[in-house]
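Each chain, letter by letter, is given below.
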Amino acid sequence: MAKKTVKETKESAQNISVDQPIAEAEPPALEIPNAITVASLAEMMQIGSIDLIKQLMRLGHMYTINDVLDYELAADVAESFGFDVYEPEEETHDATSIVPSTDVDDSKDLVNRPPVVTILGHVDHGKTTILDAIRKTKVVDAEAGGITQHIGAYQVKHNDKLITFLDTPGHEAFTAMRVRGAQVTDIAVLVVAADDGLMPQTQEAIDHITAAGVPMLVCINKMDKPEADPEKIKRQLSERDLLVEDWGGDIISVPVSATKQDGIPDLLENLQLLAEMAELKGNPQKLASGVVVEARLDKRRGPVATALIQTGTLKVGDHITIRDLRGRVKAMLNDQGFKIDQAGPSTPVEILGISGLPEAGDIFNVAPDEKTAKRMVLDYQQTAAHQSTTLEDAYTRIESGLTKYMNLIIKTDVQGSVDAVLNMLNSLNDEQSKIKIIRASAGGITENDVMLASASDAIIIGFNSELQPGASALASQEGIDIRTYKVIYDLTDDVAKALHGLLEPVFKDVIEGEAAVRETFEIGRKGTIAGFYVNKGKITRECTIHVIRNGEHIHEGAIISLKHFKNDVKEVSNGNEGGVLINGFNEFEEGDILEAHRSEQVSKS
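Residues numbered from 1 in each chain as written. Predicted model: local features only at pLDDT ≥ 70, side-chain atom pairs only at ≥ 80, totals over all residues. Heavy atoms only, no water.

A. Just the overall build of the protein chain, in detail. Check the secondary structure of the protein chain and you find 15 helices and 33 strands. In the protein chain, of all internal contacts separated by at least 6 residues, the share reaching a separation of at least 24 is 71%. Approximately 29,900 Å² of the protein chain is accessible, and the part contributed by carbon and sulfur atoms is 47%. (Helix = DSSP H or I, 4+ residues; strand = E, 2+ residues; numbered from the N terminus. Contact = heavy atoms within 4.5 Å. Areas by Shrake-Rupley, 256 points an atom, 1.4 Å probe, with all protein chains shown as cover.)

This is the structure in structure tokens:
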């Protein structure tokens, strides 16, 4: 199918017969930019991202949902779905793509950057004391009058080299960042008290570090205690397949006493050793991007965000976007409280000038100008839907390259059931289909399990395990599939089918909203728009509309256009007015009822 120019497309649109029914109209012509993500193209064509990825595979291309397609490939795959595509008009005034660049940095632009370190562990094992000990002795020297302030991250200097520490409250914050797509940490320090041992929260921290795939350093704290037993700690770690160097493994362990500040230099020395082995680099020449560490509302200064620059250099005056927020950097402060004009890779700073409050783990990007920043926000809004993983689509995701494994979190009623379920699942593994167990433990399914599942792209499998309050709501919010079973053979049967693409999803029809037609508007060849008022729920762009007149169902069709006043929108909520153009139907009458239906997958339980 030949690609059309904008002019040709507009002319052909004007020549459509007045009598041609909308239901038989061809898919609309697409104006595809020079670069577009897989998710954005799927949204543009109103198809599922998985369907698009499968079609790319048929055309001989392996792409994931966040990968960027050039114009030619995007046009080819759109045409394979039956769409006309026209070339974008030349724009000499703005050649900047709103899609983040996937170009590999030139080696000459790369410089060494400080490692970013997070300290995790049980609540009473001394994480805060260790951070305080490091801060007191090694914080980068400030000028006279400088006040070290708590901004959620700080830098220390050791052997004339910097280390950046994230001062987060625990592995929940660590994982919250990863849930939102931010791989922030280069090295994780696992703190274990020498007089206590591994606790449930220690195991949770290990699970989160392992899921993140970052190097681990074990810090054995409280060595000044008379009952300190570091060998016990090493033995307990070995029972969890974590071998420290003393026991023939490759995990560095460092004994310290944070209260006496013993061993802190050795800890910093080993962190720098791990950083050197990782050869951490950054490109300060690019427009900056990075991660929000924390944010707060200051009564005097407005929204204030602590950000960690990951690549590029952030400067005062830069146009910045965070999710659907944007602004211009009015001022930046470092961890000493001093105003600075710019900050490079691995540097934590406070930013003023954002339009609202972001969340920990949100990605920020710098745009070259205000116009591009607005387009970046719009692009985010169009592709922000959460791409959840279900047991039914696990096979497709593995085949399409979105993931290498079916990631599972196993929760059972008692410890004995954990081993039984794991043995059954391990028997399903072969070279073609792999199961990866992110966590397996006894107890109820908690919010923390849901957070780990979201960060790890995992499915939660419960065997006689109760769903604790809050976990269900969070799972719905994060798009996490939770399956609960009473019979172990039903559990393994479903997983086996899912591994081979044989598990068929079950769907139910859900009425999302209801609206009443108040007036109609003729728009020539395009048909008739129904002006409506939403009485219940909401009308969303993805819904199918059932037209009901005097209690009788007279039509069912997809939404072609949905507006709130003059703006194209994705939904119109309860108590608001809107206008809708429905595929194949123009005979609206005042008083018609519009029911918005959607298909919802039923979770097996």
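Structure's up, so let's keep going.
B. Broad picture of the pattern of salt bridges. The full count for this structure, using the stated rule, is 23 salt bridges. Note that Asp109 is salt-bridged to Lys108, the shortest N-O span being 3.6 Å. A residue is classified by how much of its surface remains accessible, and Asp109, at 22% relative accessible area, is partly exposed. Taking the shortest distance from any N to any O, the salt bridge between Arg323 and Asp324 comes out at 3.8 Å. (Salt bridge = Lys/Arg side-chain N within 4 Å of Asp/Glu carboxyl O. Buried < 20%, exposed > 50% of the residue type's maximum accessible area, 1.4 Å probe, protein only.)

C. Region of the structure containing the pairing of strand β13 (residues 289-298). Where β13 meets strand β14 (residues 302-311), nine bridges bridge the pair, whose relative direction is antiparallel. Looking at β14, one finds that Glu294 is bridged to Thr306. With antiparallel pairing between neighbouring strands as the criterion, β13 and β14 make up a hairpin whose turn holds three residues. Bridge count between β13 and strand β21 (residues 363-367): three bridges; the pairing is antiparallel. Pairing of Val291 across the sheet is with Ile363, part of β21. (Pairing = 2+ DSSP bridges.)

D. Highlighting the sheet that holds strand β11 (residues 252-255). An order of β7-β8-β6-β9-β10-β11 is seen for the six strands of this open sheet, with the pairing classed as mixed. Edge positions in the sheet fall to β7 (153-158) and β11, since each of these pairs with one other strand and no more. The mean inter-strand angle of the sheet, taken between neighbouring strand axes irrespective of direction, is 30 degrees. Two strands pair when backbone bridges link them, and strand β6 (residues 116-121) and strand β9 (residues 187-193) are joined in this way by five bridges, in the parallel orientation. Within β9, the position partnered with Gly121 by the bridge is Val191. In this fold helix α8 (residues 230-238) packs onto β9, β10 (216-221) and β11, with an angle of close to 145 degrees to the strand it touches most, β10. (Axes fitted to C-alpha atoms, helices over the stretch in contact; angles between N-to-C directions.)

E. The confidence of the model for the protein chain, seen in detail. On average, residues of the protein chain carry a pLDDT of 80, and 80% of them reach 70 or more. Between residues 1-26, whose pLDDT stays under 50, and residues either more than four places distant or in other chains, the model counts 41 contacts. For the stretch residues 140-148, pLDDT sits under 50, and the model shows 17 contacts to residues farther than four places along the chain or on other chains. (pLDDT = per-residue confidence, 0-100.)

F. Region of the structure containing unusual backbone geometry. Its identity is not glycine, yet Gln261 carries a phi of approximately 60 degrees, on the positive side. In this structure, Gln261 sits in the loop between β11 and α9 (264-278). In this structure Gln261 comes out as partly exposed when scored by relative accessible area, which is 33%. In this model, Phe565 sits at a positive phi of 55 degrees, which is unusual for a non-glycine residue.

G. Just the sheet that holds strand β22 (residues 406-412), in detail. As summarised here, the arrangement of the four strands in space is β23-β22-β24-β25, forming an open sheet in which the pairing is parallel. Looking along the sheet, the strands with just one partner apiece sit at the ends: β23 (435-442) and β25 (482-485). Each strand of the sheet is rotated relative to its neighbour by a mean of 20 degrees, with strand direction disregarded. One ladder, built from four bridges, connects strand β24 (residues 459-463) with β25; its direction is parallel. From the neighbouring strand, Ile461 faces β25, where its bridge partner is Arg483.

H. Spatial organisation of the nonpolar core. In terms of nonpolar packing, the biggest core is built from 26 residues, with Ile130, Ile134, Phe165, Val189, Leu217, Leu268 and Leu271 touching the most fellow members. Mapped onto this core, the elements with two or more residues apiece are β6, α5 (127-138), β7, β8 (161-166), β9, β10, β11 and α9. Not counting residues up to four positions away in its chain, the partners in contact with Ile130 are Ile119, Val191, Cys219, Asn221, Val256, Ala258 and Leu267. (Core = buried A, V, L, I, M, F, W, Y, C linked by side-chain atoms within 4.5 Å.)

I. Structural view of the packing of aromatic side chains. This structure, assessed with the given rule, holds two aromatic pairs. Taking the centre distance of 4.9 Å and the plane angle of 85 degrees together, the rings of Phe585 and Phe588 count as edge-to-face. The pair formed by Phe585 and Phe588 is uniform in burial state, with each residue classed as buried. The residue whose ring lies beneath Arg135 is Tyr154, and the NZ or CZ to ring-centre distance is 4.1 Å. (Phe/Tyr/Trp six-rings, centres within 6.5 Å; stacked < 30°, edge-to-face > 60°. Lys NZ or Arg CZ within 6 Å of the ring centre and 35° of its normal.)

J. Fine view of the side chain of Lys411. If you trace the backbone, Lys411 turns up in strand β22. The class of Lys411 is buried, set by a relative accessible area of 5%. A distance of 2.8 Å separates a polar side-chain atom of Lys411 from the backbone oxygen of Gly444. (Polar contact = N/O pair within 3.5 Å; in protein donor to acceptor, adjacent residues only side chain to side chain.)

K. Here's a closer look at helix α14 (residues 471-478). Of the positions making up α14, those classed as buried are Ala471, Leu474, Ala475 and Glu478. Looking down the long axis of α14, one finds its buried residues gathered within 105 degrees of arc, a one-sided arrangement. Of the exposed residues in α14, the ones pointing more than 90 degrees away from its buried face are Ala473, Ser476 and Gln477. Remark: Gly479 follows α14 within two positions and exhibits a positive phi of approximately 75 degrees. (Arc of directions from axis to C-beta.)

L. Structural view of the packing of helix α2 (residues 38-45) against helix α3 (residues 49-58). α3 packs onto α2 with a crossing angle of 110 degrees between their chain directions and a minimal axis gap of 9 Å. Overall, the two elements α2 and α3 adopt an arrangement that is roughly perpendicular. Remark: the crossing between α2 and α3 carries right-handed chirality. Contacts between α2 and α3 involve Val38, Ala39, Leu41, Ala42 and Met45 from the first element and Ser49, Leu52, Ile53 and Leu56 from the second. (Parallel < 35°, antiparallel > 145°, perpendicular 65-115°, else oblique. Left-handed = near helix turned anticlockwise from the far one by under 90°.)

M. Seen up close, the environment of Ile134. For Ile134, the position within the fold is in helix α5. When the C-alpha positions of Ile134 and Ile264 are compared, they lie 6.8 Å apart, and in sequence the two are 130 residues distant.

N. Spatial organisation of the pairing of strand β20 (residues 348-354). Of all seven residues that make up β20, seven are buried, and the element is covered over most of its length. Bridge count for β14 against β20 is five bridges, and the pairing is antiparallel. Bridge pairing links Leu308 to Pro348 in β20. Across four bridges, the pairing between strand β17 (residues 325-333) and β20 is antiparallel. Residue pairing for β20: Ala331 is matched across the bridge by Leu352.

O. Main features of the environment of Thr446. Within the secondary structure, Thr446 is located in the loop between β23 and α13 (447-456). Separated by 23 residues in sequence, Thr446 and Pro469 place their C-alpha atoms 7.7 Å apart.

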